[in-house]
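Architecture and fold: a report
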Amino acid sequence: MKKSIGLKKFNTAIFISGKGSNLKNLIKFSKTKQSPISINLIVSNNAYAKGLEYSSKFNIRKKIFNFKKGKKNDNHILFFLKKNKIDFICLAGFMKILSNYFIKKFDGKIINIHPSLLPKYKGLNTHERAIKNKDKFSGCTVHYVTEKLDSGKIIMQTKVKVSTKDNAISLSKKILKKEHQLYPAAILKIIN
Ligand code: GRF
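A brief look at the structure comes next.

Rules used in this analysis
- Note on numbering: residues in each chain are counted from 1, in written sequence order.
- pLDDT decides what is reported in this predicted model: residues at 70 or higher carry local features, side-chain atom pairs at 80 or more are listed and counted, and totals for whole chains, interfaces and linings draw on all residues regardless.
- In computing side-chain properties, one takes all heavy atoms of the structure into account and sets aside hydrogens as well as water.
- Buriedness for pockets is judged along seven lines, at least five of which must meet protein on both sides within 12 Å for an open set on the 1 Å grid over protein atoms alone, while cavities are sets there where a 1.4 Å probe fits but cannot get out, and lining residues have an atom within 4 Å of a point.
- Grid points are joined across faces, edges and corners, and a volume is the space filled by probe spheres set on the points.
- Counting from the N terminus, the helices are DSSP H or I runs at least four residues long and the strands are E runs at least two residues long.
- Three categories are distinguished: nonpolar for Ala, Val, Leu, Ile, Met, Phe, Trp, Tyr, Cys and Pro, charged for Asp, Glu, Lys and Arg, and polar for the others, with Gly belonging to the last.
- Throughout, the term near means that a residue has one or more heavy atoms lying within 4 Å of the molecule or strand in question.
- Think of a polar contact as two N or O atoms within 3.5 Å of one another; within protein, one of them needs to be a possible hydrogen donor and the other a possible acceptor, and neighboring residues in sequence only count if both atoms come from side chains.
- Residue-level accessible areas treat just the shown protein chains as cover; the underlying method is Shrake-Rupley with a 1.4 Å probe.
- A pocket or cavity is taken to hold a molecule when more than half of that molecule's atoms are within 2 Å of the pocket's grid points.

Here we look at the layout of surface pockets
A probe matching the size of a water molecule, rolled over the atoms, marks out where space remains unfilled. Approximately 930 Å³ is the volume attributed to the largest pocket. Lining of the largest pocket is provided by 36 residues; of these, Gly93, Phe94, Met95, Ile113 and Pro115 occupy positions nearest its centre. Within the residue set of the lining of the largest pocket, elements represented by two or more residues are α1 (21–30), β5 (110–114), α5 (126–132) and α6 (168–190). Here the lining of the largest pocket takes four residues from α6, the largest share from any one element. The class makeup of the residues in the lining of the largest pocket is 14 nonpolar, 15 polar and seven charged.

Now the structure itself:
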């Protein structure tokens, strides 16, 4: 993606479902001079997502959608995004699966962060699976969102060493720290 002339930043929506530490980190990044994105909207499927608190903290509009299946519902969300001139979407701990119809409308303009070294451990419980398999390394991946879950082109990855003392919680903490470095770096890589 090329930044438009006049150095205008991409209007970005962050989709969350929970804590929102990646959201907070991306907001901070978006305020730096080098950031090619501005964060204009926080979207959640979960009205109780803790991350929604960053809406008032940083004065960013928030919107809850139920993400029910069906074109009618998708169009409702798409219309709202269009009205708010959103041209880029970052999924950050977003637990719903977007429909093919939705993804096509934002073709190549939705990215996601996943807590594993994709293509290993698509889907849920990545840390539990890495520990169970006694993996020496795990990590995180930023990738494009396509119709197949966690299977779009990889933008960037970071490896993390798994120690024999790690459990799923300690590993998730280690990886989350790396996610906070990786997500901005991946955005800088694809938008220049
Ligand atoms: C992160 O590990 C992300 O990779 C995964 O869910 C977690 C969300 O954390 N998809 P947060 O809500 O950004 O704190």
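Some details on the site of the ligand
By nearness alone, every residue bordering the ligand is listed as Lys19, Gly20, Ser21, Asn22, Gly93, Ile113, Pro115, Leu176 and Glu179. With respect to the ligand, the side chain of Glu179 contributes an N or O atom lying 2.8 Å from an oxygen atom. Here the ligand loses 82% of its free accessible area of 370 Å² to cover by the protein chains. More than half of the atoms of the ligand fall within 2 Å of the grid points belonging to the largest pocket. Put simply, the parts of the chain that give the shell around the ligand at least two residues each are α1 and α6. Across the shell around the ligand, the residue classes tally to three nonpolar, four polar and two charged.

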